[in-house]
Amino acid sequence: ADSGTVIVMEPYTGEIKAMCNYPNFDANKYNEVGDVDWFTNASVSLPWEPGSIFKAVTMAAGLDAGAVEVDTIFEDKGYVKIGKHVIKNAGNKVYGESNMTQVLENSINTGSVFVAEETGKDAFVEYVRRFGFGELTGITLPSEKGGDLSALNKKGDIYLATASYGQGIT
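The shown structure was predicted, so the numbers you read here are calculated from the model rather than taken from an experiment.

Rules of the game
- Residues numbered from 1 in each chain as written.
- Predicted model: local features only at pLDDT ≥ 70, side-chain atom pairs only at ≥ 80, totals over all residues.
- Heavy atoms only, no water.
- Helix = DSSP H or I, 4+ residues; strand = E, 2+ residues; numbered from the N terminus.
- Polar contact = N/O pair within 3.5 Å; in protein donor to acceptor, adjacent residues only side chain to side chain.
- Patch = residues over 30% accessible without salt bridge, like charges linked within 9 Å, V, L, I, M, F, W, Y side chains within 5 Å.
- Areas by Shrake-Rupley, 256 points an atom, 1.4 Å probe, with all protein chains shown as cover.
- Salt bridge = Lys/Arg side-chain N within 4 Å of Asp/Glu carboxyl O.
- Buried < 20%, exposed > 50% of the residue type's maximum accessible area, 1.4 Å probe, protein only.
- Phe/Tyr/Trp six-rings, centres within 6.5 Å; stacked < 30°, edge-to-face > 60°.

Draft legend 1. Quick peek at the side chain of Asn89. Tracing the backbone through its elements, the reader meets Asn89 in the loop between β5 (85–88) and β6 (96–99). Looking at Asn89, its side chain comes within polar contact range of the main-chain nitrogen of Asn109, at 3.1 Å.

Here it is as structure tokens:
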């Protein structure tokens, strides 16, 4: 990879245990840095799409709202049509009948869309905000940037669908 970032957190408190970025530099030789962008702490300054890890947030919202239960069955056909758009599962896989645990275990995009639709856009957005997405964390490092959830304010069901599996939001 050309670049990367890692943050190690204590899951119960949110305490940052370690943070690193690549490319990096030797602070004792900062004048030898090949690119000024290396000084940017990408961990807190650059936006990123969460991708499939966001399915856990979608599922938590659906379960807490009572929109789905662990044993709710979803019939996966391998795709879902949202207006003129077609969303497919990774590798074009078809999972058939799946409960909500299996939706997470198999990282089923269409299952995540199902959960978000069952939860409803307004409730989904409220849960995402309550989880802290789109907000600053308050970390005491310079140049922190908040995420961007503006796609969820747009008209069209496609934005809820793609956000359910972590795309189109940062």
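Having seen the model, we can carry on.
Draft legend 2. Fine view of a nonpolar patch on the surface. Taken together, Phe25, Tyr30, Val36, Trp38 and Phe39 make up a surface patch of nonpolar side chains, about 520 Å² in accessible area. Here Tyr30 shows up in the loop between β2 (16–22) and α1 (42–45).

Draft legend 3. A look at the pattern of salt bridges. Within the structure shown, the criterion is met by 1 salt bridge. When the shortest N-O distance is used, the salt bridge between Glu15 and Lys17 registers 3.4 Å. Glu15 gets classed as partly exposed once you look at its relative accessible area, which sits at 43%. Residue Lys17 is classed as exposed on the basis of its relative accessible area of 51%.

Draft legend 4. Structural context of the packing of aromatic side chains. One pass over the full model with this rule turns up 3 aromatic pairs. Summarising the aromatic geometry, the rings of Phe25 and Phe39 are spaced 4.8 Å apart at their centres and angled 75° between planes, so their arrangement reads as edge-to-face. Taken together, the residues span a long stretch of sequence, with Phe25 in the loop between β2 and α1 and Phe39 in the loop between β2 and α1 at a distance of 14 residues. The class of Phe25 is partly exposed, set by a relative accessible area of 34%. The class of Phe39 is partly exposed, set by a relative accessible area of 41%. Ring geometry for Phe54 and Phe133: centres 5.0 Å apart, planes at 75°, overall edge-to-face. Taken together, the residues span a long stretch of sequence, with Phe54 in the loop between α1 and α2 (55–65) and Phe133 in the loop between α5 (121–130) and α6 (157–164) at a distance of 79 residues. The class of Phe133 is partly exposed, set by a relative accessible area of 28%.

Draft legend 5. Representation of the side chain of Ser43 within the structure. Here Ser43 lies in helix α1. A relative accessible area of 11% places Ser43 in the buried class. Among the polar contacts made by the side chain of Ser43, one reaches the side chain of Thr5 at a distance of 2.4 Å. Reaching out from Ser43, the side chain makes a polar contact with the side chain of Asn21 at a distance of 3.1 Å.

In short, the description is geometric, and any link to function would need to be established separately.
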